[in-house]
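Observations on the three-dimensional arrangement
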Amino acid sequence: MGQVLAVTGVSVVTLVLSVGLGAWLVPLVLRHAESGPSAQAEALAVLGNGTWIGLLERLAMTGTILAGYPEGVAVVVAVKALGRLPELREHPVAGERFVVGTLASLVWAAAVGLAGHAVVHAL
């Protein structure tokens, strides 16, 4: 019973770190990557505020890694890309923001998920 609680606790902390700190980290990366205010305004007009999408993306990514189902990462990436493809074709600036934000989000979620997975298997 104690090990189940420990695994649950590690999993919850891992998910919170992935989603919570990712909500701070990804916008920071985007601010440094964007070429100027006009590019940011155009991208936001096309993509809207992807905050909720990013939160759910990191939750799903980290969750699939913690669950030992890394194939789920491909599903998350495919769903996100297919959902935005029409907009990205028409607006290259938005496409650049999408790629940078997605990569920052996925790298963070994978790193945290792998760390959590390692801790769970060390218990």
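Bear in mind that the values here come from a model prediction, so they are computed numbers and not experimental data. (Residues numbered from 1 in each chain as written. Predicted model: local features only at pLDDT ≥ 70, side-chain atom pairs only at ≥ 80, totals over all residues. Heavy atoms only, no water.)

Focus: the confidence of the model for the chain
Of all residues in the chain, 95% have pLDDT values of 70 or greater, and the mean over the chain is 88. Of all the helices and strands in the chain, helix α2 (residues 37–47) carries the lowest mean pLDDT, 71, while helix α3 (residues 51–66) carries the highest, 94. (pLDDT = per-residue confidence, 0-100. Helix = DSSP H or I, 4+ residues; strand = E, 2+ residues; numbered from the N terminus.)

Points about α3
End to end, α3 covers 22 Å across 16 residues, agreeing with the expected 22 Å (1.5 Å per residue, within 8%). Residues of α3 that are buried include every one of Gly54, Leu55, Glu57, Arg58, Met61, Thr62, Thr64, Ile65 and Leu66, and no others. Those residues of α3 hidden inside the fold are in contact with α1 (2–33), α4 (71–90) and α5 (92–122). (Expected span 1.5 Å × (residues − 1). Buried < 20%, exposed > 50% of the residue type's maximum accessible area, 1.4 Å probe, protein only. Contact = heavy atoms within 4.5 Å.)

Some details on the packing of α1 against α3
Closest axis-to-axis distance for the α1/α3 pair is 9 Å, and the angle between their directions is 145°. In the packing of α1 onto α3, the handedness of the crossing is right-handed. Counting all contacts with α1, which are made through Ser11, Thr14, Leu15, Ser18, Val19, Gly22, Ala23 and Val26, the residues of α3 involved are Leu55, Arg58, Leu59, Thr62, Gly63 and Leu66. Partitioned by chemical class, the residues of the contact of α1 with α3 number seven nonpolar, six polar and one charged. (Axes fitted to C-alpha atoms, helices over the stretch in contact; angles between N-to-C directions. Left-handed = near helix turned anticlockwise from the far one by under 90°. Nonpolar A, V, L, I, M, F, W, Y, C, P; charged D, E, K, R; others polar.)

Topic: α1
With 32 residues, α1 extends 45 Å between its outermost C-alpha atoms, agreeing within 8% with the 46 Å of an ideal straight helix rising 1.5 Å per residue. Its maximal kink placed at Gly22, α1 deviates by approximately 40°. Every buried residue of α1 is accounted for by Val10, Ser11, Thr14, Ser18, Val19, Gly22, Val26 and Leu30. Along its buried surface, α1 packs onto α3 and α5. (Bend = angle between axes of the 7 residues up to and from the residue.)

A word on the nonpolar core
Residues Ala43, Val46, Leu47, Leu88, Ala94 and Phe98 constitute the largest nonpolar core, which totals six residues. Broken down by secondary-structure element, the contributors of at least two residues to this core are α2 and α5. Here this core gets three residues from one element, more than from any other, and that element is α2. Leu47 has contacts with Arg84, Glu87, Leu88, Ala94, Arg97 and Phe98, leaving out every residue within four places of it along the chain. (Core = buried A, V, L, I, M, F, W, Y, C linked by side-chain atoms within 4.5 Å.)

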